[in-house]
Each structure stands twice: as structure tokens, then as C-alpha cells.
Amino acid sequence: MVGYTYEEVTSDFSPLSEIRNLKIRMLTEDIKFEVKDNLCTLYSNYLNFIDKQYPDSIISGSLALNLYSLINRDIRDIDLIVDQRPTGPCHKDTYGDENIMTTSDRLGYQYITEDFSWRHLFKKRQIFNVDFFLNKNKVKYNTFIFNKKTYRIQDPVQIAEQKLEMVNNAENYMYASKRKHNVDLFTIFKNLNWDNEDV
């Protein structure tokens, strides 16, 4: 699991500098972002749901960062990047970042019940809050295998860049959302064993 779960961001933290330095290091060092088997097992209910109902989607958001072991926080929804709009209406909350350029367009969320299975006849079916984003063919992703199934997961550097855009450009009234993204960035770079004072 991750080593840091900070809630308070230090005053000298500069996510832009951290991202810049990470990209420089990636040119000179063999830095790989891998999904750990034990984390796949931990989040297997989410992965099984994705495999059965959205196998061609790209995993993003907090689930992706948790799978990369870059953050360690509760997952309230599943962010999925899809190539076409899902069936049924999507609901939208105001994020305060609707006009920010990203690699995908937010479609909104749906509450989706996992498929029925005779193997789990007496088990209550889980309901997932899925936030859908439409791929604009700009999403970078990696792949990993779990239980002989191949999954696509968004590149963590690209996720960090999108979070930085949201921190810098989201409407001021979305303080809680901006703070969440900033805490995530701080935690991501701490878990990459970067010291802010070296930036």
C-alpha cells in the first residue's frame, strides 16, 4: 500500500514543478508505473464489474491512482473513459471545471447495478456510481492483467496533469474539489518518494 496519506499540503508544495521534474526523470531513468496484484485483489469487485459491463473502457480517477498505489483513499465512484455514450441518461453535478480542457469530455454519472449471477444468488447485488467521460482520442493508457483479463488504465502522469489543470483553473467556489485534487497531487508525489525541498 502507499506510504503517505497526508491531508494537509505543505505551503512549499509546487505540483507544476513536481510534474516537470518527473518528466525529466522519466527521460533519464527507468520509471515504470505498475498495478500491483494485491491491489487488484483488494479492488476486485470494481474490476469484475468493469470487465463484465465495460470491458473496453479506460479506468481513471481515484480507482486508477489506488491501483497504481499512488494514493490510498476511499473510492466513492468509478471514473471510466469510454469511446461512446452509455445507454440511459447521465446525471451531472457542477464540478466547476466544465470549461477546462482535458483529454475527455465528462458525460455524467449513472448508478448501475452489477449483473445478476447464479453463483451469487443469495448475495445482494452491488450498486456502483459510475462517472463517464467520452474519449477524445487523447487519452494515454497502460494495460494490466488480472484473473486472465486485460484492463486499460489511464497513464498516471496524465491524470496528475489533469488534476493540476483543475486546481489552477476551476471556479473559486469549488474550493473542496480543488483542495481534493491538490491533496491527491501532494500524495502522489510523496508516494513517488520525491522531496519537495529538492524541487
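See above for the structure.
The shown structure was predicted, so the numbers you read here are calculated from the model rather than taken from an experiment.

Chemist: Any chance you could break down the overall build of the protein for me, citing the residues and the numbers?
Modeler: Helices and strands together make up the secondary structure of the protein, namely six helices and six strands. Walking the protein from its N terminus toward its C terminus, one meets helices and strands in the order α-α-α-β-α-β-β-β-β-β-α-α. Looking at the protein residue by residue over its 199 residues, the buried ones come to 49%. Long-range contacts, defined as pairs at least 24 residues apart, comprise 65% of the intrachain contacts of the protein with a sequence gap of at least 6. Summed over its atoms, the accessible surface of the protein is roughly 11,800 Å², and 47% of this surface lies on carbon and sulfur atoms.

Chemist: I'd love a proper account of empty space enclosed by the protein, names of residues and values included.
Modeler: For the structure shown, the criterion picks out one cavity of 30 Å³ or more. Of the voids in this model, the largest cavity is the one considered here, and its volume is about 40 Å³. Elements with a contribution of two residues or more to the lining of the largest cavity: helix H5 (156–169) and helix H6 (175–191). With three residues, H5 is the largest single contributor of residues to the lining of the largest cavity.

Chemist: Let's hear about the pairing of strand S4 (residues 127–135): which residues, and what values?
Modeler: With respect to burial, S4 is a largely interior element, seven of its nine residues being buried. Across five bridges, the pairing between strand S2 (residues 78–82) and S4 is parallel. Residue pairing in the sheet places Val82 in a bridge with Leu134 of S4.

Chemist: I'd like a description of the packing of aromatic side chains, backed by residues and values.
Modeler: Counting across every chain of the model gives nine aromatic pairs. Where Phe144 meets Tyr151, the ring centres are 5.3 Å apart and the plane angle is 15°; that geometry is what we call stacked. What links up through ring pairs into an aromatic cluster is the set Tyr43, Tyr46, Phe49, Tyr54, Phe128 and Phe132. The positively charged end of Arg152 is found above the aromatic ring belonging to Tyr141, 4.8 Å away from the centroid.

Chemist: Explain the nonpolar core to me, and be specific about the residues and the numbers.
Modeler: Nonpolar side chains tend toward joint burial in soluble globular proteins. Counting 44 residues, the largest nonpolar core has Ile59, Leu63, Leu67 and Phe144 as the members making the most contacts within it. At five residues, the largest contribution of residues to this core is made by H5. Excluding anything up to four places from it in sequence, Leu63 contacts Tyr43, Tyr46, Ile50, Ile75 and Ile78.

Chemist: Go over unusual backbone geometry, please, and point to the residues and values.
Modeler: You will see that Ser69, though not glycine, has its phi angle at about 65°, which is positive. Although it is not a glycine, Lys148 adopts a positive phi angle of roughly 65°.

Chemist: If you had to explain the pairing of strand S5 (residues 141–146) to someone new, which residues and values would you point to?
Modeler: Two strands pair when backbone bridges link them, and S5 and strand S6 (residues 149–154) are joined in this way by six bridges, in the antiparallel orientation. Directly across from Ile145, in S6, lies its bridge partner Thr150. Counted between consecutive antiparallel strands, the loop separating S5 from S6 contains two residues, among which Asn147 sits at a positive phi close to 50°.

Chemist: How would you explain the packing of helix H1 (residues 15–28) against H5 if you had to name every residue and give the values?
Modeler: Two numbers describe how H1 lies on H5: the axes approach to 10 Å, and their chain directions differ by 160°. In terms of axis orientation, H1 runs roughly antiparallel to H5. For the pair H1 and H5, the crossing hand works out as left-handed. Residue-level inspection shows Pro15, Leu16, Ile19, Leu22, Lys23 and Met26 of H1 in contact with H5, the latter providing Val157, Ala160, Glu161 and Leu164. Residues that form the contact of H1 with H5 fall into these classes: eight nonpolar, no polar and two charged.

About the cut-offs
- Residues numbered from 1 in each chain as written.
- Predicted model: local features only at pLDDT ≥ 70, side-chain atom pairs only at ≥ 80, totals over all residues.
- Heavy atoms only, no water.
- Helix = DSSP H or I, 4+ residues; strand = E, 2+ residues; numbered from the N terminus.
- Buried < 20%, exposed > 50% of the residue type's maximum accessible area, 1.4 Å probe, protein only.
- Contact = heavy atoms within 4.5 Å.
- Areas by Shrake-Rupley, 256 points an atom, 1.4 Å probe, with all protein chains shown as cover.
- 1 Å grid on protein atoms, 1.4 Å probe; cavity = no way out; pocket = protein on both sides within 12 Å on 5 of 7 lines; lining within 4 Å.
- Points joined across faces, edges and corners; volume = space filled by probe spheres on them.
- Pairing = 2+ DSSP bridges.
- Phe/Tyr/Trp six-rings, centres within 6.5 Å; stacked < 30°, edge-to-face > 60°.
- Lys NZ or Arg CZ within 6 Å of the ring centre and 35° of its normal.
- Core = buried A, V, L, I, M, F, W, Y, C linked by side-chain atoms within 4.5 Å.
- Axes fitted to C-alpha atoms, helices over the stretch in contact; angles between N-to-C directions.
- Parallel < 35°, antiparallel > 145°, perpendicular 65-115°, else oblique.
- Left-handed = near helix turned anticlockwise from the far one by under 90°.
- Nonpolar A, V, L, I, M, F, W, Y, C, P; charged D, E, K, R; others polar.

None of the figures reported here should be taken as evidence of function without further support.
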